[in-house]
Amino acid sequence: MDAIASKSISSINLSIYRYDPDSGKKPFMQDLLIDIPEGQDIMVLDLLNIAKEQDPSISFRRSCGEGVCGSDGMNINGKNGLGCITPLSEALRGNKIVLRPLPGLPVIKDLIVDMKQFVDQYKKIKPYLINDEEKPEKEIKQSVEEREKLDGLYECIMCGCCSTACPSFWWNPDKFLGPAALLQAHRFISDSRDTATEERLDQLEDAFSVFKCHGIMNCVSVCPKGLNPTKAINEIKKKLVKRAL
Amino acid sequence: MAMNGKGEELDASKLKVLEYDGIVVGGGGSGLMASLQLAQSGFKTAVVSKVFPTRSHTVSAQGGITCAIQSADPDDDWRWHMYDTVKGSDFIGDQDSIEYMCQEGPKAVFELEHMGLPFSRTEEGKIYQRAFGGQSKDYGKGGQAERTCAAADRTGHALLHTLYQANLKAGTNFLSEWFAVDLVKNGDNQVVGVIAFEIETGEPYFLKSKATVLATGGAGRIYQTTSNAMINTGDGTGMVLRAGFPVQDMEMWQFHPTGIYGHGTLVTEGCRGEGGYLVNKDGERFMERYAPNYKDLASRDVVARSMMLEILEGRGCGPNADHVYLKLDHLGPEIVHKRLPGITELSKTFAHVDPVEHPIPVVPTCHYAMGGIPTNVHGQVLTQATDGTDNVVHGLYAAGEAACVSVHGGNRLGGNSLLDLIVFGRSAGLHIENSLKDGITLSKATNDDIDQALVNLNRVNISSTGEDVASIKSELQKNMQLNFGVFRTGDLMEKGLVELENIREKTQNIHLTDKSSRFNTARVEALELLNLMEVAQATAVSANERKESRGAHARDDFQDRDDENWLKHSIYFADTKEVTKRDVNFRPKIVQAFQPIVRSY
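Predicted model, so just to flag it, every value in this text is computed and none were measured.

Undergrad: Which parts of the structure should I look at to understand the overall build of chain A?
TA: Counting its secondary structure elements, chain A contains nine helices and seven strands. Seen through its C-alpha atoms, chain A measures out along the principal axes to roughly 65 × 40 × 30 Å. Each of the 245 residues in chain A was classed as buried or not, and the buried ones make up 57%. Long-range pairs, those at least 24 residues apart, make up 66% of the contacts in chain A between residues at least 6 apart in sequence. Summed over all atoms, the accessible surface of chain A reaches about 10500 Å², with 51% contributed by carbon and sulfur.

Quick look at the structure:
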């Protein structure tokens, strides 16, 4: 909810990462005492909205407020997640909460990171259906079972929580594609309507793109949509190995 | 020169200039459909979006795209869909547009499927279609139809990502996280581009183009409780009104029956399409009383009003008797998990309820603007001359929720918004493409014209004292919620209009405290407030003026539909704050027009 109106109030210690390149100051953690309505389990994003009413210069991205647009990926008490669907009751330690930008990407301002590297990796996997056959007048047929193979893959919201929780992505953000892009790669490899499977696999066949994944599974533990990029990556690895034999 | 803390005034000489064949403002479904059409045809196209495109509100659409693709029923007919839509609109939808949408729809849906949209499937491998509200076979005589094409309950997400991906493939230029401020209009009343700034750097630009498409989406944030994303602030509507062009049918706001109680987040009508139904505190399936034939799948305005009546008459649920329940638990886990997985998540997160086991507490929530920027079927923006004739605004197009090509009239049917987006996004793109091929000549904007488009931005940038943005916004939202909600009455609206004048005075005097240049979200929010103000006032004036009840506009003091006086669109100009009328189109090209009848479900 936008405005949380209530008379009975309790307070939260919010420690938030602040950085404004214009200010000439180094990044710092700012401690704020935020009053919240009692008896309501508000979300982390609601807390930020209240904080922003006090200090309009606090900057973060947000849009849908219901966990489907992927704008407000952030690091909440050390774990990546979406502010809008993380309840304070889950996030709080005592009455304290620490909010930082997603790790591993350049910070533009406060909680806002530069997503360019993330999006560039996404673009590399050709994230669109390739089908060179003549199109039928109606839909390209796909069985229920074939369509089920896309479940758990197409739902990605590109929030970046997974890739920025991945040590392999931190070390090689330009060469290792990262869990989000690889999940997408597998979405198109798995689509019965896509005719470019071999080319897609060719593109992934190097030491870094896929194989820098060491199965740490941070991606799985942070994905706010409950998706499993590690499993998708393993499927790709299996296909690549099988092809090589 | 980036905008900075010194509060310097901008003028035409300080702007960088970028030039494109076509500019699309907004990266949701209609915008990306228009840009795709242009980029695929080899034109230099830019999408200007204040958020990364996949963050746009199309992503939240759940249930599906309504379209007679003859998958669930091989005998389905686009004419039946047209009939339902005309009836749903309470007869002020333009029948030429509705005919175009329903007939062209299947082509557009199959195009999306070919692009890769992961639709759910039938046993025969065809696109899955489900039942939605207000759908019939055989012109209302053949019972409930199943006409809404779905990708589980994440159709909007699947559609938006597919369109973004197709645009990447086509080479569209994305000006992602750029905020469009105002239209640049030349001396001949033509639009030649927009003023925008790159949010990351605060660098202002004149984006010059032969065709500018406003695809800026809805403005549900004028209300306190809404299913709309925080970015839905009616930016295109604000721009159009400030440029001296009108908006149409702004009193027509859809309140969606099933917003999650206490939060406003939506659960899809598809829940009822899959067999869910509403109950009051006595466990009674009350829609059987209000709509004996269609029951829970009556049109949205009908269901929302019935729920409010149940609550007002003391049959609401919960300690405050202020909501009703949506029951899904009788469907069994398999249907709920397979067909409604997203709903399950939302319901657990925001209502702390697993719909497999317990009903979801729901209440009507502001959802959709049927009104908007008037256009013809090609997306060309229209203005009204003093003698009442329509004139095309050269260089300017609008599509999607921001526009009012008027396929929804007084009330939109579920699943028709996604269809509207793709059909009219595409038709705007096609018209621009053909016009560019024929050659477009617009006269140049002078520096004075450009400076005129900088007035608002300068006012915000140089403000040194004044009113706080967040508190004005909250005042505005409360006023709209209280005085222009599901049920309306003259006295309250008059009061609300006076209040809005006070709020407008405050917005004239807003103070942007943070004047930094880099990713200044406070600046964006201040400018958004100015747009919300324009939308709210257009809504309020038009609502007070329409002295009848029709579609979503329900007045206690004028309870009947008045076809004699109000089988009309309302047209509102910001400079006069007055409402005029415009004829509804009853001239479809292929079928006979559907004449107004009593609307019952």
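Undergrad: Before we go on, may I ask you to explain the overall build of chain B in this structure?
TA: Tallying secondary structure elements over chain B gives 17 helices and 22 strands in all. Expected size for 601 residues packed as a compact globule is a radius of gyration near 25 Å; at 23 Å, chain B falls within 12% of this value. Taken along the three principal axes of its C-alpha coordinates, chain B extends 65 × 50 × 50 Å. The 601 residues of chain B split such that 68% are buried. Sequence-distant contacts, at least 24 apart, represent 74% of the contacts inside chain B between residues at least 6 apart. Here chain B has roughly 19100 Å² of accessible surface; of this, 47% comes from carbon and sulfur atoms.

Undergrad: Looking at this structure, how should I read a nonpolar patch on the surface?
TA: Residues and elements named next belong to chain A. A cluster of nonpolar side chains, contributed by Phe211, Val241 and Leu245, occupies part of the molecular surface with about 320 Å² of accessible area. Of note, Phe211 is situated in the loop between helix 7 (197–204) and helix 8 (218–222). Under the relative-accessibility criterion, Phe211 is labelled partly exposed at 32%.

Undergrad: Quick question: what am I supposed to make of the packing of helix 14 (residues 469–483) of chain B against helix 15 (residues 490–507) of chain B here?
TA: The axes of two packed helices give the description: the angle between them and the distance between them. Residues and elements named next belong to chain B. Where helix 14 meets helix 15, the axes come as close as 10 Å, and the angle between the chain directions of the two elements is 170°. With respect to their mutual orientation, helix 14 and helix 15 come out roughly antiparallel. On helix 15, the residues that touch Ile472, Glu475, Leu476, Asn479, Met480, Leu482 and Asn483 of helix 14 are Leu492, Met493, Lys495, Gly496, Glu499, Leu500, Ile503, Lys506 and Thr507. Split into classes, the residues belonging to the contact of helix 14 with helix 15 amount to eight nonpolar, four polar and four charged.

Undergrad: In this structure, what is going on with empty space enclosed by the protein? I would like to understand it.
TA: Residue and element names in this part refer to chain B. What the rule picks out here adds up to twelve cavities of 30 Å³ or more. Estimates place the volume of the largest cavity at around 720 Å³. Elements with a contribution of two residues or more to the lining of the largest cavity: helix 1 (29–40), strand 2 (45–49), strand 7 (178–185), helix 5 (235–242), strand 14 (360–369) and helix 11 (416–438). For the lining of the largest cavity, the residue count by class is 16 nonpolar, 26 polar and seven charged.

Undergrad: Looking at this structure, how should I read the state of the cysteines?
TA: Note on terminology: a disulfide is the covalent bond linking the sulfur atoms of two cysteines. Throughout the structure, instances matching the rule amount to zero disulfides over all chains. Unpaired in terms of disulfides, A:Cys162 finds its nearest cysteine sulfur in A:Cys156, a separation of 6.3 Å. Note on A:Cys162: relative accessible area 10%, which makes it buried. Residue B:Cys366 stays outside any disulfide, its sulfur separated by 15 Å from that of B:Cys404, the closest cysteine. With a relative accessible area of 0%, B:Cys366 lands in the buried category.

Undergrad: Looking at this structure, how should I read the side chain of B:Ser209?
TA: Residue and element names in this part refer to chain B. Within the secondary structure layout, Ser209 lies in strand 9 (residues 203–214). A distance of 2.8 Å separates the side chain of Ser209 from the backbone oxygen of Ala211, its partner in a polar contact. Those residues within four positions of Ser209 in sequence are excluded, and the remaining contacts are Tyr20, Asp21, Gly22, Ile23, Val191, Val192, Gly193 and Leu442.

Undergrad: It is not clear to me how the interface of chain A and chain B should be interpreted in this structure. Could you clarify?
TA: Think of interface size as the accessible area that goes away when the parts come together; that is how it is often given. At the interface, 62 residues of chain A touch 62 residues of chain B. Overall, the association of chain A and chain B removes approximately 5300 Å² of surface from exposure, summing both partners, and the carbon and sulfur fraction of that is 52%. Put simply, chain A and chain B have six salt bridges between them. Close ionic contact of A:Lys225 with B:Glu345 constitutes a salt bridge, the shortest N to O distance being 3.1 Å. If you look at where chain A meets chain B, you find 31 residue pairs in polar contact (both at pLDDT 80 or more). At the level of elements, helix 1 (44–54), strand 6 (107–109), helix 3 (116–124), helix 4 (144–148) and helix 6 (178–189) of chain A are the ones that each hand at least two residues to the side of chain A that touches chain B. Looking at the side of chain A that touches chain B residue by residue, the classes come out as 30 nonpolar, ten polar and 22 charged.

Undergrad: Would you explain the pairing of strand 4 (residues 79–82) of chain A in this entry?
TA: Along any regular strand, the residues point their side chains to alternate faces of the sheet. Residue and element names in this part refer to chain A. By the bridge criterion, four bridges tie strand 3 (residues 73–76) to strand 4 in an arrangement that is antiparallel. Residue Asn75 lies in a different strand from strand 4, and its bridge partner there is Asn80. Here strand 3 folds back onto strand 4 in antiparallel fashion, the turn holding two residues, of which Asn77 has a positive phi close to 45°.

Undergrad: I'm lost on the sheet that holds strand 11 (residues 253–260) of chain B in this one. Help?
TA: Consider a sheet: its strands pair through backbone hydrogen bonds, and that pairing is either parallel or antiparallel. Residue and element names in this part refer to chain B. On the basis of which strands lie adjacent, the open sheet formed by four strands has the order 11-14-13-12 and antiparallel pairing. Among the strands making up the open sheet, the edge pair consists of strand 11 and strand 12 (277–279). For this sheet, the mean angle separating the axes of adjacent strands, direction not counted, is 50°. The pairing of strand 11 with strand 14 spans six bridges and is classified as antiparallel. When the bridges of strand 14 are listed, His256 appears paired with Thr365. Lying over the sheet, helix 8 (residues 300–312) contacts strand 11, strand 12, strand 13 (324–327) and strand 14, oriented at roughly 60° with respect to strand 11.

Undergrad: Explanation requested: the side chain of B:Asp514 in the structure shown.
TA: Looking at where B:Asp514 falls in the secondary structure, it is placed in the loop between helix 15 and helix 16 (521–545). Take B:Asp514: its relative accessible area is 12%, and that puts it in the buried class. When sequence neighbours within four positions are dropped, the list of residues in contact with B:Asp514 reads A:Ser57, A:Lys109, B:Asn520 and B:Ala522.

Undergrad: Just to check I follow, could you spell out the nonpolar core for this structure?
TA: The tendency in soluble globular proteins is for nonpolar side chains to be buried side by side. One finds A:Ile97, A:Leu99 and B:Val109 to be the most contacted residues of the largest nonpolar core, which totals 163 residues. Residues contacting B:Val109, with those up to four places away along its chain left out, are B:Ile65, B:Cys67, B:Ile69, B:Phe119, B:Ile127, B:Cys149, B:Leu419 and B:Ile422. Membership of the second largest hydrophobic core comes to 59 residues, among which are B:Phe179, B:Phe206, B:Leu457 and B:Leu527.

Undergrad: Would you explain the layout of surface pockets in this entry?
TA: Rolled over the atoms, a probe with the dimensions of a water molecule shows which regions are left empty. Space inside the second largest pocket adds up to approximately 780 Å³. Around the second largest pocket, the lining comprises 33 residues; the ones closest to its centre are A:Arg61, B:Val51, B:Phe52, B:Ser176 and B:Glu177. Taken together, the elements giving at least two residues each to the lining of the second largest pocket come down to helix 3 of chain A together with helix 4 (155–170), strand 6 (173–176) and helix 16 of chain B. Broken down by class, the residue content of the lining of the second largest pocket amounts to 16 nonpolar, three polar and 14 charged.

Undergrad: Would you explain helix 15 of chain B in this entry?
TA: Three- or four-residue spacings in an α-helix give side chains the same orientation, since the helix completes a turn every 3.6 residues. Residues and elements named next belong to chain B. Between its terminal C-alpha atoms helix 15 stretches 25 Å, which fits the 26 Å expected from 18 residues at 1.5 Å a residue. Of all the residues in helix 15, the buried ones are Gly490, Met493, Gly496, Leu497, Leu500, Ile503, Arg504 and Thr507. Buried residues of helix 15, seen end-on, are gathered within an arc of 125° and therefore sit on one face of the element. Exposed and facing more than 90 degrees away from the buried side of helix 15 are Asp491, Lys495, Val498 and Glu505. Structurally, helix 15 contributes buried residues whose contacts are with helix 13 (455–462), helix 14, strand 19 (487–488), helix 16 and strand 20 (554–555).

Undergrad: How do you make sense of the packing of aromatic side chains when you look at a structure like this?
TA: Note on aromatic pairs: each is described by the distance of the centres and the angle between the planes. Per the stated rule, a full pass over the model turns up 13 aromatic pairs over all chains. These aromatic residues form a ring-pair network of at least three members: A:Tyr122, B:Phe52, B:Tyr164 and B:Phe174.

About the cut-offs
Residues numbered from 1 in each chain as written. Chains lettered and ligands numbered in written order. Predicted model: local features only at pLDDT ≥ 70, side-chain atom pairs only at ≥ 80, totals over all residues. Heavy atoms only, no water. Helix = DSSP H or I, 4+ residues; strand = E, 2+ residues; numbered from the N terminus. Buried < 20%, exposed > 50% of the residue type's maximum accessible area, 1.4 Å probe, protein only. Contact = heavy atoms within 4.5 Å. Areas by Shrake-Rupley, 256 points an atom, 1.4 Å probe, with all protein chains shown as cover. Rg over C-alpha atoms; globule rule 2.2 N^0.38 Å. Patch = residues over 30% accessible without salt bridge, like charges linked within 9 Å, V, L, I, M, F, W, Y side chains within 5 Å. Salt bridge = Lys/Arg side-chain N within 4 Å of Asp/Glu carboxyl O. Axes fitted to C-alpha atoms, helices over the stretch in contact; angles between N-to-C directions. Parallel < 35°, antiparallel > 145°, perpendicular 65-115°, else oblique. Nonpolar A, V, L, I, M, F, W, Y, C, P; charged D, E, K, R; others polar. 1 Å grid on protein atoms, 1.4 Å probe; cavity = no way out; pocket = protein on both sides within 12 Å on 5 of 7 lines; lining within 4 Å. Points joined across faces, edges and corners; volume = space filled by probe spheres on them. Disulfide = S-S within 2.5 Å. Polar contact = N/O pair within 3.5 Å; in protein donor to acceptor, adjacent residues only side chain to side chain. Buried area = accessible area lost by both parts, 1.4 Å probe. Pairing = 2+ DSSP bridges. Core = buried A, V, L, I, M, F, W, Y, C linked by side-chain atoms within 4.5 Å. Expected span 1.5 Å × (residues − 1). Arc of directions from axis to C-beta. Phe/Tyr/Trp six-rings, centres within 6.5 Å; stacked < 30°, edge-to-face > 60°.

Scope: geometric values only; no functional claims are made or implied.
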